[in-house]
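Observations on the model geometry
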Amino acid sequence: METISINQIKMQKKLKKMIVLLPALLILIIILFSSFYKVNTGEAVVIERFGSAVRVVEDAGIHMKIPFVDVARRVSLTKRHQIEYGYRTLRGSDSMNASDYQEVQEEQTVIVEAVGNNSSLVLTEMIVEYRVSNPINYLYKVNNLENTIRLVLEDTLRNTLQTVTLDQALTDKLSIDAEIKPELQRKLNSYEAGVEIIEVKTQNTSLLDSVDTAYREIEKANQYRNSKAEEAQKYKN
């Protein structure tokens, strides 16, 4: 008959206790890990409870939340987000060569000088850079922020270029960008998008091929006329 020693009995009791305590210990560890979150420098954490934001934490360090109830959603306040308009850089590309980006002609084509009889079409490519200024609005107010910015930019760009001449559209890009930026910001603020526009930059403005040929002919004619006028003025003097 097999005999069980006192030590074996004690060991069996300890194993039973460990089997009972192990799940509880694991649950406790999970609760502890779920009760804390870290906020890094330059970011904000929005605490979401039952689908709604309850607070925003921007102080760097370790903070507490209600485990399994609160969800921490991180938002960078320093990252510069970039949106391309009129073209798209292909994946894996790091430069704007003809081989690694594609044009989006329905965005590119814009009417200039629409108030007169000299209206023309130009092809415009732009970049908009922005950063998050209001984490709650950024996360909850606009469903598709990138698409919204593109639509607002399109409206602002078309309204702006309709009031400038063809020469201004082709040569005075900095002034046009400076005019578009505050208007773009104002419209996004009305949508409570929660972003700050850092920069609006026109990458390229060009003419359609058919318009470009006519434009160059006009430029040649103007240059010829000006040279003849200057020559006549010299003889007159």
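Scroll up a little and you will see the structure.
The notes below deal with the structure included here. (Residues numbered from 1 in each chain as written. Predicted model: local features only at pLDDT ≥ 70, side-chain atom pairs only at ≥ 80, totals over all residues. Heavy atoms only, no water.)

So, about the overall build of the protein chain. The number of helices and strands found in the protein chain is seven helices and 11 strands. Within the protein chain, residue pairs in contact and separated by at least 24 positions form 66% of the contacts whose partners lie at least 6 positions apart. Counting only carbon and sulfur atoms, one obtains 53% of the accessible surface of the protein chain, whose full area is about 15,800 Å². (Helix = DSSP H or I, 4+ residues; strand = E, 2+ residues; numbered from the N terminus. Contact = heavy atoms within 4.5 Å. Areas by Shrake-Rupley, 256 points an atom, 1.4 Å probe, with all protein chains shown as cover.)

Attention now moves to the sheet that holds strand β3 (residues 52-57). Backbone-to-backbone hydrogen bonds pair the strands of a sheet. The strands run either parallel or antiparallel. The three strands lie next to each other as β3-β2-β5, forming an open sheet whose pairing is antiparallel. Each having just a single partner strand, β3 and β5 (70-76) make up the two edges of the open sheet. Each neighbouring strand pair of the sheet contributes to a mean axis angle of 30 degrees, computed without reference to strand direction. (Pairing = 2+ DSSP bridges. Axes fitted to C-alpha atoms, helices over the stretch in contact; angles between N-to-C directions.)

Attention now goes to the packing of aromatic side chains. Tallied over the entire structure, the rule returns one aromatic pair. Pairing Y87 with Y101 gives two aromatic rings, centres 5.4 Å apart and planes at 85 degrees, and the pair type is edge-to-face. Placement of Y87 in strand β7 (residues 87-89) and of Y101 in strand β8 (residues 101-103) is noted, with a sequence separation of 14 residues between them. Each member of the pair, Y87 as well as Y101, carries the same accessibility label: buried. (Phe/Tyr/Trp six-rings, centres within 6.5 Å; stacked < 30°, edge-to-face > 60°. Buried < 20%, exposed > 50% of the residue type's maximum accessible area, 1.4 Å probe, protein only.)

We now examine unusual backbone geometry. The general pattern is negative phi for most residues beyond glycine and trans for most peptide bonds. The phi torsion at F50 lies on the positive side, around 55 degrees, for a residue other than glycine. On the secondary structure map, F50 appears in the loop between β2 (43-49) and β3. Judged by relative accessible area, which is 74%, F50 ranks as exposed. Backbone geometry places F68, a non-glycine residue, at a positive phi of 65 degrees. Position of F68 among the secondary structure elements: in the loop between β4 (61-64) and β5.

A word on helix α4 (residues 145-161). Over its 17 residues, α4 runs 24 Å from end to end, which matches the ideal 24 Å to within 8%, given 1.5 Å per residue. Buried within α4 are the following residues: L145, T148, I149, R150, V152, L153, T156, L157, T160 and L161. (Expected span 1.5 Å × (residues − 1).)

This part takes up the environment of Q82. Assignment of secondary structure puts Q82 in strand β6 (residues 81-85). Sequence separation between Q82 and I127 is 45 residues; the distance between their C-alpha atoms is 6.8 Å.

The subject of this paragraph is the packing of α4 against helix α6 (residues 173-190). The N-to-C vectors of α4 and α6 enclose an angle of 135 degrees; their axes lie 9 Å apart at closest approach. Between α4 and α6, the interaxial angle falls into the category oblique. The chirality of how α4 crosses α6 is right-handed. Here α4 contributes T148, I149, V152, L153, D155, T156, L157, N159, T160 and L161 to the contact with α6, which in turn contributes I176, E179, I180, E183, L184, K187 and L188. Its residues placed into classes, the contact of α4 with α6 shows nine nonpolar, four polar and four charged. (Parallel < 35°, antiparallel > 145°, perpendicular 65-115°, else oblique. Left-handed = near helix turned anticlockwise from the far one by under 90°. Nonpolar A, V, L, I, M, F, W, Y, C, P; charged D, E, K, R; others polar.)

Another aspect to go through is α6. The first and last C-alpha atoms of α6 sit 26 Å apart over 18 residues, in line with the 26 Å expected at 1.5 Å per residue. Residues of α6 that are buried: I176, D177, I180, L184, Q185, K187 and L188. Mapping the buried residues of α6 onto a view down its axis gives an arc of 165 degrees, with all of them on the same face. For α6, exposure combined with an orientation more than 90 degrees from the buried face picks out A178 and S190. (Arc of directions from axis to C-beta.)

The subject of this paragraph is the pattern of salt bridges. All told, the structure shown has 11 salt bridges when counted by the stated rule. Notably, a salt bridge pairs E48 with R73, separated by 3.3 Å at the nearest N-O pair. Of the two residues, E48 is situated in strand β2 and R73 in strand β5; the sequence distance between them amounts to 25 residues. When its relative accessible area of 32% is taken as the criterion, R73 is described as partly exposed. (Salt bridge = Lys/Arg side-chain N within 4 Å of Asp/Glu carboxyl O.)

Within the element layout of this structure, T156 appears in helix α4. Here K187 takes part through its side chain, which lies 3.4 Å from a polar atom of the side chain of T156. Sequence-distant contacts of T156, that is, excluding residues within four places in its chain, are made with I180, E183, L184 and K187. (Polar contact = N/O pair within 3.5 Å; in protein donor to acceptor, adjacent residues only side chain to side chain.)

Within the largest apolar cluster, 28 residues are counted, with the highest numbers of intra-cluster contacts made by L161, L184 and L188. Those elements that provide at least two residues to this core are β6, β9 (109-112), β10 (120-132), α4, α5 (166-171), α6 and β11 (195-207). When residues in this core are grouped by element, the largest group, six residues, is from α4. Formed by five residues, the second largest nonpolar core is a distinct cluster that contains Y37, V45, I47 and V57. (Core = buried A, V, L, I, M, F, W, Y, C linked by side-chain atoms within 4.5 Å.)

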